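Chain residues, written in single-letter form:
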Amino acid sequence: MKLIKSVLAKALGALLVFTLLCGLLYPLAVTGISQLLFHNQVNGSIIEINGKKYGSVLLAQQFTGDGYLWGRIMNIDTKTFQDENGKALMYAVPSNLSPASEQYKKLVKERVDKIQAANPEKKGVPIPEDLVTCSGSGLDPDISPAAADYQVERIAKARNLPAQQVRDIIAKYTNGKFLNIFGEDTVNVLKVNLALDGIL
């Protein structure tokens, strides 16, 4: 009986110690170090200017105006959630559509038609693939430099700006390959649009 009590006491003691270490002290230490060294990243990489939050550079936002850079297709859900007044709330959801499905083909065709109608000066120029397809998450915040350049004339015309000025803004918010080797060059849509509005 004494042996059982001794083993039980040691087991409970070990459980308490490891609960404190792994369940409390370690998470607090990691959180504290992260907040200290990587404050912006651990809080969602939010763009905040003069106390106003405009969104995360890691998550797409839907821009549809002619004076804005458009991102990839977003899967928007307006049927699931409503606010306290019964108004539909807009959420982006991941895509599980197969590229071989009719629904996906219809979505791509609608996007092709929309892009061609909005950019008539690009008639005959192939549309960059990322402008008419969606990522698996449906929340991709970036597009390729080719997709951004495809939209320059439309944005410049809508804002009455020189095309080169729009290209300079896009270039400023273009990220190169990781270590100049891995991945692709990307353009952050939110940053470009905030810069076009004079916010960034």
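Higher on the page you've got the structure.
Okay, so let's go over this structure. Numbering of residues starts from 1 in each chain and follows the order in which that chain's sequence is written. Per-residue local features of the predicted model are confined to residues with pLDDT of at least 70, and side-chain atom pairs are confined, for both listing and counting, to 80 or more; whole-chain, interface and lining totals are unaffected and use all residues. Just so you know, side-chain values use all the structure's heavy atoms and leave hydrogens and water out.

### Things to note about the pattern of salt bridges
Salt-bridge detection follows one rule: a side-chain nitrogen of Lys or Arg within 4 Å of a carboxyl oxygen of Asp or Glu. One pass over the structure, following the stated rule, counts seven salt bridges. With a closest N to O distance of 3.7 Å, Lys105 and Glu102 form a salt bridge. Separated by three residues within a single helix, Lys105 and Glu102 lie in helix α3 (residues 102–118), roughly one turn from each other. Exposed residues in this analysis have more than 50% of their type's maximum accessible area, buried residues have under 20%, and partly exposed residues fall in between, with area computed by a 1.4 Å probe over protein chains only. Given the relative accessible area of 58%, Glu102 is considered exposed. Linking Glu153 and Lys122 is a salt bridge whose minimum nitrogen-to-oxygen distance equals 3.5 Å. Of this pair, Glu153 sits in helix α5 (residues 152–159) while Lys122 is found in the loop between α3 and β5 (142–143), placing the two residues 31 residues apart along the sequence. Note on Glu153: relative accessible area 27%, which makes it partly exposed. Secondary structure elements follow DSSP: runs of H or I no shorter than four residues count as helices, runs of E no shorter than two count as strands, and numbering proceeds from the N terminus.

### Considerations on the packing of aromatic side chains
Where two aromatic rings form a pair, the distance of their centres and the angle of their planes describe that pair. Here is the rule: rings of Phe, Tyr and Trp (six-membered ring for Trp) pair when centre to centre is within 6.5 Å. Planes less than 30 degrees apart are stacked, more than 60 are edge-to-face, and the remainder are tilted. Counted under the stated rule, the structure contains two aromatic pairs. Ring geometry for Phe178 against Phe182: centres 6.4 Å apart, planes inclined by 35°, an arrangement best described as tilted. For Phe178, a relative accessible area of 58% puts it in the exposed group. Geometry around Tyr150 places Lys122 over its ring, the cationic atom sitting 5.7 Å from the centre. Criterion for a charge above a ring: Arg CZ or Lys NZ at most 6 Å from the ring centre, at most 35 degrees from the ring normal. Note that Arg154 overlies the ring of Trp70, its terminal NZ or CZ placed 4.2 Å from the centroid.

### Digging into the pairing of strand β1 (residues 46–49)
In this scheme, strands are said to pair when DSSP sees at least two bridges between them. The pairing of β1 with strand β2 (residues 52–56) spans four bridges and is antiparallel. Bridge pairing in β2 links Ile46 to Ser56. What sits between the antiparallel neighbours β1 and β2 is a turn of two residues, in which Asn50 has the positive phi angle 55°.

### Remarks on the packing of α5 against helix α6 (residues 163–172)
Interaxial distance between α5 and α6 falls to 8 Å at its minimum, and their mutual angle equals 120°. Considering their axes alone, α5 and α6 lie oblique with respect to each other. Both α5 and α6 take part in a crossing whose hand is right-handed. Between α5 and α6, the contacting residues are Val152, Glu153, Ile155 and Ala156 on the first element and Ala163, Val166, Arg167 and Ile170 on the second. Ten residue types, Ala, Val, Leu, Ile, Met, Phe, Trp, Tyr, Cys and Pro, are classed as nonpolar, four, Asp, Glu, Lys and Arg, as charged, and the remainder, Gly among them, as polar. Its residues placed into classes, the contact of α5 with α6 shows six nonpolar, no polar and two charged. Angular values range over 0 to 180 degrees, each being the angle between N-to-C directions of two axes fitted as lines to C-alpha atoms, with helices fitted over their stretch in contact. Throughout this description, any angle smaller than 35 degrees is read as roughly parallel, any larger than 145 degrees as roughly antiparallel, any in the 65 to 115 degree range as roughly perpendicular, and the remainder as oblique. In a left-handed crossing the near helix is turned counterclockwise from the far helix by less than a right angle, and in a right-handed crossing that turn is clockwise. Only heavy atoms matter for contacts: two residues are in contact if any of them lie within 4.5 Å across the pair.

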